[in-house]
Amino acid sequence: MKQLTVISGKGGTGKTSITAALSILSGKAVIADCDVDAADLHLLLEPEVRDSGDFSGGKIARIDQSKCSRCGLCVRVCRFDAIEDFTVDSVSCEGCGFCFHVCPEGAIVMESTISGRWHVSGTRAGTMAHARLGIAEENSGKLVTLVRRKAVNCAEDEGAVSVITDGPPGIGCPVIASITGADLLLAVTEPTVSGIHDLERVVGVAGHFHIPVLVCINKCDINPYNAGLIEQFCDERGLAVVGKIPYDPEVTRAMIERKSVVEHDCGAVTAEVRLMWDKIRPMLQE
Ligand code: SF4
Ligand code: SF4
């Protein structure tokens, strides 16, 4: 089983639309939505939840008032000013555990927090692992790793040939968690100045982990000059540009109808995404 992760240097490049389309074209992949901060794949694939569970992203401190001698040591050591009136503010507490270790009375306990829920669902594109973060919770590599592990387990159970992952945008910890162990990356970019810069960054991260990268230029015709610069960049680094997808407002209409661009006639966009899949598919079968 091979793992393809779709990434982009920032949000809004069309990464999720492309992931949905590739998943539909695959027909026999398991899907992992690891863009948990802005999980949109479920809007397109309309999952029916089959299994769920809590996700604990970390711990926060709690003071057992019956043991606290009010010495004030924890208040002084907390660098996040999270303790006031010998009570921990759960929003400010970063769970560093410093107060827990210094408390002379053993009055501080570190408690797991429920940060969100993971789900395994059935969709028309195949089984999908995804997650929903609680309000004000931050995405973490831990949650991404959990979603990917659920997807891989499902793929093994089903004998699926590939896992297609919608990665988080950027180059931070969740992105690293979404690409570690992947066999192939598809970097989706747009022909803007920031798009070129973001592509350079994600290619740099992928290079660090020695994962092959393919490139897709979305809305390639909105700025042919910048599209040319991206192709030049890819050429210099030996990266294959497997997709050059034009801009078409029909894509938005497809999304409103909750369809991927290969389930709605988006003209050249649909054709180009199919062509791109034809180039990617053999690499997931090698
Ligand atoms: S360090 Fe322990 S005993 Fe001292 S104020 Fe904090 S919780 Fe109470
Ligand atoms: S765990 Fe760290 S951040 Fe939280 S209250 Fe204790 S010292 Fe402050």
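So, how was this worked out
Residues numbered from 1 in each chain as written. Chains lettered and ligands numbered in written order. Predicted model: local features only at pLDDT ≥ 70, side-chain atom pairs only at ≥ 80, totals over all residues. Helix = DSSP H or I, 4+ residues; strand = E, 2+ residues; numbered from the N terminus. Buried ≥ 20, exposed ≤ 12 C-beta atoms within 10 Å, placed from the backbone. Contact = placed C-beta atoms within 7 Å. Near = placed C-beta within 6 Å. Nonpolar A, V, L, I, M, F, W, Y, C, P; charged D, E, K, R; others polar. Pairing = 2+ DSSP bridges. Axes fitted to C-alpha atoms, helices over the stretch in contact; angles between N-to-C directions. Domains from an automatic or database assignment. Core = buried A, V, L, I, M, F, W, Y, C linked by C-beta atoms within 7 Å. Left-handed = near helix turned anticlockwise from the far one by under 90°. Parallel < 35°, antiparallel > 145°, perpendicular 65-115°, else oblique.

Turning next to the overall build of the chain. Helices and strands together make up the secondary structure of the chain, namely 10 helices and 11 strands. Burial statistics for the chain: of 286 residues in total, 45% are counted as buried. Contacts spanning at least 24 positions in sequence make up 77% of the contacts within the chain whose residues lie at least 6 apart.

This part takes up the site of ligand 1. Around ligand 1, a shell composed of 13 residues is seen, among which Cys68, Cys71, Leu73, Cys74 and Cys103 lie nearest. Here the shell around ligand 1 is built from residues that sort into nine nonpolar, two polar and two charged.

As summarised here, the arrangement of the nine strands in space is E3-E6-E7-E2-E8-E1-E9-E10-E11, forming an open sheet in which the pairing is mixed. Strand pairing shows two members of the sheet lacking a second neighbour, strand E3 (48–63) and strand E11 (240–245), which therefore form its edges. Direction aside, the axes of adjacent strands within the sheet are offset by 20° on average. Along the sheet, helix H1 (residues 15–26) contacts strand E1 (2–7), strand E2 (29–33), strand E7 (126–133), strand E8 (162–166), strand E9 (184–189) and strand E10 (213–218); its crossing angle with E8, the most-contacted strand, is approximately 165°. In this fold helix H7 (residues 193–208) packs onto E1, E9 and E10, with an angle of close to 170° to the strand it touches most, E9.

So, on to the domain arrangement of the chain. Domain parsing of the chain yields domain 1 (2–46 + 124–284) and domain 2 (58–114). Computed over C-alpha atoms, the centres of domain 1 and domain 2 are 41 Å apart.

With that settled, consider the pairing of E7. Taken across its eight residues, E7 has six buried, putting it largely inside the fold. When E2 meets E7, the two strands line up parallel, connected through two bridges. Looking at E7, one finds that Ala32 is bridged to Ala129. By the bridge criterion, eight bridges tie strand E6 (residues 108–123) to E7 in an arrangement that is antiparallel. Considered in E7, the bridge of Trp118 is made with Ala131. The hairpin turn running from E6 into E7, its antiparallel successor, is two residues long.

Let us now look at the nonpolar core. Of all hydrophobic cores here, the largest spans 70 residues; its most connected members are Ile31, Val147, Ala151, Leu185, Leu186, Ala187 and Val215. The element contributing the most residues to this core is helix H5 (residues 141–158), with seven residues. Contact partners of Ile31, with chain neighbours within four places excluded, come to Ser23, Leu41, Thr123, Ala125, Gly126, Met128, Ala151 and Ile164. In terms of nonpolar packing, the next biggest core, distinct from the first, is built from 13 residues, Ile60, Ala61, Cys99 and Cys103 among them.

All right, on to the pairing of E8 then. When you tally the buried positions in E8, you get five out of five residues, the bulk of the element. Neither face of E8 is open: one carries Ser162, Ile164 and Asp166, the other Val163 and Thr165, and all of them are buried. Where E1 lies against E8, five bridges are found, and the strand directions are parallel. Looking at the pairing, Val6 lines up with Asp166 of E8. As paired strands, E2 and E8 are joined by five bridges and run parallel to one another. When the sheet's bridge partners are listed, Ile31 is paired in E8 with Ile164.

Near ligand 2, the surroundings consist of 14 residues, among which Ala61, Cys78, Cys93, Cys96 and Cys99 are the closest. For the shell around ligand 2, the residue count by class is 11 nonpolar, two polar and one charged.

To characterise two packed helices, one gives the angle between the axes of the helices and the distance between these axes. Running from amino to carboxyl end, H1 crosses helix H10 (residues 268–280) at an angle of 65°, the nearest separation of the two axes being 10 Å. Both H1 and H10 take part in a crossing whose hand is right-handed. Facing Ile18, Ala21, Leu22 and Leu25 of H1, the residues of H10 in contact are Val273, Arg274 and Trp277. Taken together, the residues of the contact of H1 with H10 break down into six nonpolar, no polar and one charged.

We now examine the packing of H7 against helix H8 (residues 224–237). Here H7 crosses H8 at 20°, and the two axes come no closer than 9 Å. Between H7 and H8, the angle is such that the two are roughly parallel. Handedness of the crossing formed by H7 with H8: right-handed. Here H7 contributes Val193, Ile196, Leu199, Glu200 and Val203 to the contact with H8, which in turn contributes Asn226, Leu229, Ile230, Phe233 and Arg237. Classifying every residue of the contact of H7 with H8 gives seven nonpolar, one polar and two charged.

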